[in-house]
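Working through the structure, step by step
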Amino acid sequence: GRIVRAAAWSLGAVLVIQQLAVMRGHLAAKTERLGVRPEERLWVDARGKALQEALNELSLRVRQDETLLVLPEGVLLNFLLRRRVAGRGVTYVPTTVLLLGGQGEILEDLRADPPDYVVYVHRDTAEYGTELRYFGRDYARLLDAWVREHYQARLGVGAEPFAGDAFGVLLWERRR
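Residues numbered from 1 in each chain as written. Predicted model: local features only at pLDDT ≥ 70, side-chain atom pairs only at ≥ 80, totals over all residues. Heavy atoms only, no water.

Remarks on the overall build of the chain
- Helix and strand counts for the chain come out as six helices and seven strands.
- Its helices and strands taken in sequence order, the chain reads α-β-β-α-β-α-β-α-α-β-α-β-β from the N to the C terminus.
- Relative to the compact-globule value of 16 Å for 176 residues, the chain shows a C-alpha radius of gyration of 20 Å, a clear excess of over 25%.
- On the principal axes, the C-alpha backbone points of the chain span a range of 75 × 35 × 30 Å.
- For the chain, the residues scored as buried account for 39% of the 176 residues in total.
- Nonlocal contacts in the chain, meaning residues at least 24 apart in sequence, comprise 54% of its contacts between residues at least 6 apart.
- For the chain, the exposed area adds up to about 10200 Å²; of that, 58% sits on carbon and sulfur atoms.
- Seen as two clouds, the 25 positive and the 23 negative side-chain charges of the chain have centres 6 Å apart. (Helix = DSSP H or I, 4+ residues; strand = E, 2+ residues; numbered from the N terminus. Rg over C-alpha atoms; globule rule 2.2 N^0.38 Å. Buried < 20%, exposed > 50% of the residue type's maximum accessible area, 1.4 Å probe, protein only. Contact = heavy atoms within 4.5 Å. Areas by Shrake-Rupley, 256 points an atom, 1.4 Å probe, with all protein chains shown as cover. Lys, Arg positive; Asp, Glu negative; His and termini not counted. Charge placed at Lys NZ, Arg CZ, Asp CG, Glu CD.)

Section: the sheet that holds strand β4 (residues 84-85)
- What the five strands build is an open sheet, ordered β4-β3-β5-β7-β6; its pairing is mixed. If you trace the sheet from one side to the other, it starts and ends with β4 and β6 (151-158), each paired once.
- Alignment of strand β3 (residues 67-71) against strand β5 (residues 117-121), held across four bridges, turns out to be parallel. Following the sheet pairing, leucine 69 is matched in β5 by valine 118.
- Running over the sheet, helix α2 (residues 48-61) touches β3, β5, β6 and β7 (168-174) and is turned about 15° from β7.
- Sheet strands touched by helix α6 (residues 141-150): β3, β5, β6 and β7. Its angle to β6, the strand with the most contacts, is close to 105°. (Pairing = 2+ DSSP bridges. Axes fitted to C-alpha atoms, helices over the stretch in contact; angles between N-to-C directions.)

Some remarks on the environment of proline 161
- Examined against the element boundaries, proline 161 turns out to sit in the loop between β6 and β7.
- Taking the C-alpha atoms as reference, proline 161 lies 29 Å from valine 22; in sequence the two are 139 residues apart.
- Beyond its immediate stretch of four places on either side in the chain, proline 161 contacts Tyr120, His122, Gly168, Val169 and Leu170.

Observations regarding the side chain of glutamate 66
- Position of glutamate 66 among the secondary structure elements: in the loop between α2 and β3.
- At a separation of 2.8 Å, a polar atom in the side chain of glutamate 66 contacts the main-chain amide nitrogen of arginine 63.
- Leave out the neighbours within four places in its chain, and glutamate 66 touches Arg61, Arg83, Arg84, Asp116, Tyr117 and Arg176. (Polar contact = N/O pair within 3.5 Å; in protein donor to acceptor, adjacent residues only side chain to side chain.)

A few points about a nonpolar patch on the surface
- Taken together, the side chains of Val16, Leu20 and Met23 define a hydrophobic patch exposed on the protein surface, amounting to about 270 Å² of accessible area.
- Looking at the secondary structure, you find leucine 20 in helix α1 (residues 2-28). (Patch = residues over 30% accessible without salt bridge, like charges linked within 9 Å, V, L, I, M, F, W, Y side chains within 5 Å. Salt bridge = Lys/Arg side-chain N within 4 Å of Asp/Glu carboxyl O.)

Description of unusual backbone geometry
- Each neighbour pair has its own omega, and for leucine 71 with proline 72 the value is -5°, a cis peptide bond.
- Along the polypeptide, proline 72 turns up in the loop between β3 and α3 (75-81).
- Despite not being glycine, arginine 82 has its phi angle at roughly 60°, a positive value.
- Within the element layout of this structure, arginine 82 appears in the loop between α3 and β4.

A short note on the side chain of threonine 67
- Note on placement: threonine 67 falls in strand β3.
- We classify threonine 67 as buried; its relative accessible area is 3%.
- Each residue touching threonine 67, except ones within four places of it in the same chain, is listed here: Arg84, Ala86, Pro114, Pro115, Asp116 and Tyr117.

Functional significance is not addressed by these values, which are geometric in nature.
Right, here's the structure in full:
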């Protein structure tokens, strides 16, 4: 029994040490702060610099009574800004687009209550299939076309979203 117990404790210690090393690597990558209010600022990775710049701009442009839709995902921006989420979804990755009834139903919702602002946040969704990497290019083309028809691009931060591997954010304002 002692040998088994010692082996179990040793294995447990090795696993804990290994997990701590992995966590250290993840935490070391979080070099930027993201947030509007000092008490809510989060540590994030290098993408945080572009997100913070976009967040600063959104806090100036988007009034309290206006809505914001972040595509394909990024409802954290709504939370940090305290702005209502437009539409009934909070994420528009490939599986969620299907679960929400497809692009047709999503477009019906958005036409009925269009967001005041749309934000594209670069996100590679290849985990849903290598042919589904980018919003508007590989999936949700109708949603992207609707945004481009009804909204004017106002501010880009970083690289163009969904155009390659580099991170970027693009703010769209509804045409009046």
